[in-house]
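Reading the structure
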Amino acid sequence: MAKILMVASEVAPFVKTGGLADVMGSLPAALARAGETVTVLMPRYRGVNGADFRRVREDLPVWLNGFRHRVNIDGCDREGVAYRFVDAPWFYDREGIYSSGGKDWGDNHIRYAILCLAALAMAQELEMPDVFHVHDWQGALLPVYQRSWFAGDARLQQVKTLLTIHNLGYQGRFGAAAMGELGLDQKLFHAGALEYYGDVNLLKGGLVMSDWLTTVSPRYAQEIQTAEYGFGLEGLLRERAGSLTGILNGVDYREWDPATDHYLPANYTPEDLRGKRECKRYLVEYFGLPPEAMERPLLGIVSRFAEQKGFDLIEQIAGALADEPMSLVVLGSGNPHWEQMFRNLTNWRPDKFANWIGFSNEMAHRIEAGADIFLMPSRYEPCGLNQIYSLKYGTPPVVRATGGLDDTIDGETGFKFWEYHPEALLQGVRYAIERWYDRDSWQGRMRRGMAKDFSWDRSAGDYQRLYRQLLEG
Ligand code: ADP
Ligand code: GLC
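Described in the following lines is the structure provided in the data block.

Each value, and the rule that gives it
Residues numbered from 1 in each chain as written. Chains lettered and ligands numbered in written order. Predicted model: local features only at pLDDT ≥ 70, side-chain atom pairs only at ≥ 80, totals over all residues. Heavy atoms only, no water. Buried < 20%, exposed > 50% of the residue type's maximum accessible area, 1.4 Å probe, protein only. Helix = DSSP H or I, 4+ residues; strand = E, 2+ residues; numbered from the N terminus. Pairing = 2+ DSSP bridges. Right-handed = clockwise from strand over helix to strand, strands pointing away. Near = heavy atom within 4 Å. Polar contact = N/O pair within 3.5 Å; in protein donor to acceptor, adjacent residues only side chain to side chain. Areas by Shrake-Rupley, 256 points an atom, 1.4 Å probe, with all protein chains shown as cover. Expected span 1.5 Å × (residues − 1). 1 Å grid on protein atoms, 1.4 Å probe; cavity = no way out; pocket = protein on both sides within 12 Å on 5 of 7 lines; lining within 4 Å. Points joined across faces, edges and corners; volume = space filled by probe spheres on them. Salt bridge = Lys/Arg side-chain N within 4 Å of Asp/Glu carboxyl O.

The two faces of strand S21 (residues 397–400) match: Pro397 and Val399 on one face and Val398 and Arg400 on the other face are all buried. Summarising the sheet, strand S20 (residues 373–376) and S21 pair through three bridges and their orientation is parallel. Across the sheet, Leu375 pairs through a bridge with Val398, a residue of S21. One crossover worth recording links S20 to the parallel S21 by way of helix H15 (residues 386–392), and it is right-handed. Note that S21 and strand S22 (residues 415–417) share three bridges and pair parallel. Paired with Val398 across the bridge in S22 is Phe415. Following the backbone out of S21, through helix H16 (residues 403–408) and into the adjacent parallel S22, one traces a crossover that is right-handed.

Moving on: the site of ligand 2. Close contacts around ligand 2 come from 14 residues, with His166, Asn249, Glu381, Cys383 and Gly384 the closest. For ligand 2, an oxygen atom lies 3.5 Å from a polar atom in the backbone of Pro382. The contact in question runs from an oxygen atom of ligand 2 to an N or O atom on the backbone of Gly384, over 2.8 Å. Taking 310 Å² as the accessible area of ligand 2 by itself, protein coverage stands at 93%.

Taking 1.5 Å per residue as the helical rise, helix H3 (residues 108–125) with its 18 residues ought to reach 26 Å, and the 25 Å between its terminal C-alpha atoms agrees with that figure. For H3, a buried count of 16 out of 18 residues is recorded, marking the element as mostly surrounded by other parts of the structure.

What the second largest pocket holds in volume is close to 440 Å³. Among the elements that make up the lining of the second largest pocket, the one with the highest residue count is helix H1 (residues 19–33) (four residues).

This paragraph deals with the pattern of salt bridges. With the rule as written, the count across this model stands at 35 salt bridges. Put simply, Glu58 and Arg55 hold a salt bridge, and the shortest N to O gap is 3.2 Å. Taking relative accessible area as the criterion, Glu58 reaches 45% and is therefore assigned partly exposed. On the accessibility criterion, Arg55 (38% relative accessible area) is partly exposed. For Arg379, the salt bridge identified is with Asp312, shortest N-O distance 3.1 Å. Residue Arg379 is found in the loop between S20 and H15, and its partner Asp312 is found in helix H12 (residues 311–322); the two are separated by 67 residues along the sequence. Classification of Arg379 by relative accessible area gives partly exposed; the value is 33%. Relative accessible area serves as the criterion here: at 17%, Asp312 is assigned to the buried category. Linked through salt bridges whose partners overlap, the residues forming this network are Arg44, Arg55, Glu58, Asp74 and Asp87.

By themselves, these figures tell us nothing about what the structure is for.
Next up, the structure:
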């Protein structure tokens, strides 16, 4: 069995802003159950702590540009996984993980360089893994340092590197001066390595230097090789197509199952759906929707308010939606424009639109359960987890057929539209609303979705096969 060292910027339950944290909180445990030895490394941000944390290594030697940084490694072991935290308060003990007041930290390249360098130092000082499995641009410097700075360490050169792309829209792009700040040889500053339109692109460096690349759904692995979805990296990804695979994310049904979910006002199962109506009643009352809302479909959204998620389409159909027999409850935060849009909608038609602007794991579970129809009209979606959760919660989703949404939803369990256009979304939503009134066939649709199994076991097996292949190759 292989020793895997994973590196990522967020891991549930320690810290979470999106689906990456869910994956990092569940894939390692699934791999451990399947017999792999897994260590997960992330920064010890402010607020990341637990009663079971202990100091694993005092003063790990982490060097950047001739300067030795003060870095300790803390850890805890849960479900057979060793979680390790880079304790470097200068970089991580701040208000906000990636940004503050809507502005990214100016030294994010250094912050995540420290994370990657700490992983390499752990490999040298504590235990050499067989595979470095790094995630997104925050982990992308690891293979870059491994193949440049550490080229003289023969043992380290044996370690295979796998980079998983969770979202190509975030590449870690910094000004040209970052090369020097990261202590990287200027020889790597060319279009075949880290240079990207005059800037330094960390994800690109990782895409070039890693042994293998994966992304989080088969469909997205194809899409990112096209100009529409490649964010300028499609050429490089096509060149690497022979070492790029899509492995669909799994989900953790111990966390997301309406039969056992302790956040819900009532539990339910495919055999006995009565509790779902209680969950809907809770939302209607909590958000002050009129009692009639119980007799019409309740649409739900839980999302980061990011460009990727299709809120421009929702903005364009909101007026028409208000005339439909429905209500909409939204949980999310991010781009202030969409935050304001949802506040305005609620002020305009409080009988139809409700919102919670912010982040609440508890409310995310309650909306998955209490809504009748889930909305995810993404412009692009590497995998998407909420549509998978909504299947399990008997909340058929209306999705745009892209990336993981296309791979996980079909016409039997949800509703798909293809063109990224407000009219296409509106038609999809209208059709779903209409179907909802046919109660018997709707329950059939709910149950088909609830019966789907996207648990990790299958996908974890795909990762295992890939590790094996890398180690044998
Ligand atoms: P992404 O990673 O692009 O944000 P995913 O669908 O993969 O999209 O995962 C999003 C995860 O973050 C889900 O677990 C979802 O419930 C959660 N989430 C998103 N926004 C919020 C929010 N405002 N409050 C609570 N949970 C949220
Ligand atoms: C990213 C993607 C999302 C995916 C998640 C976990 O945040 O936007 O589609 O589900 O990563 O892989």
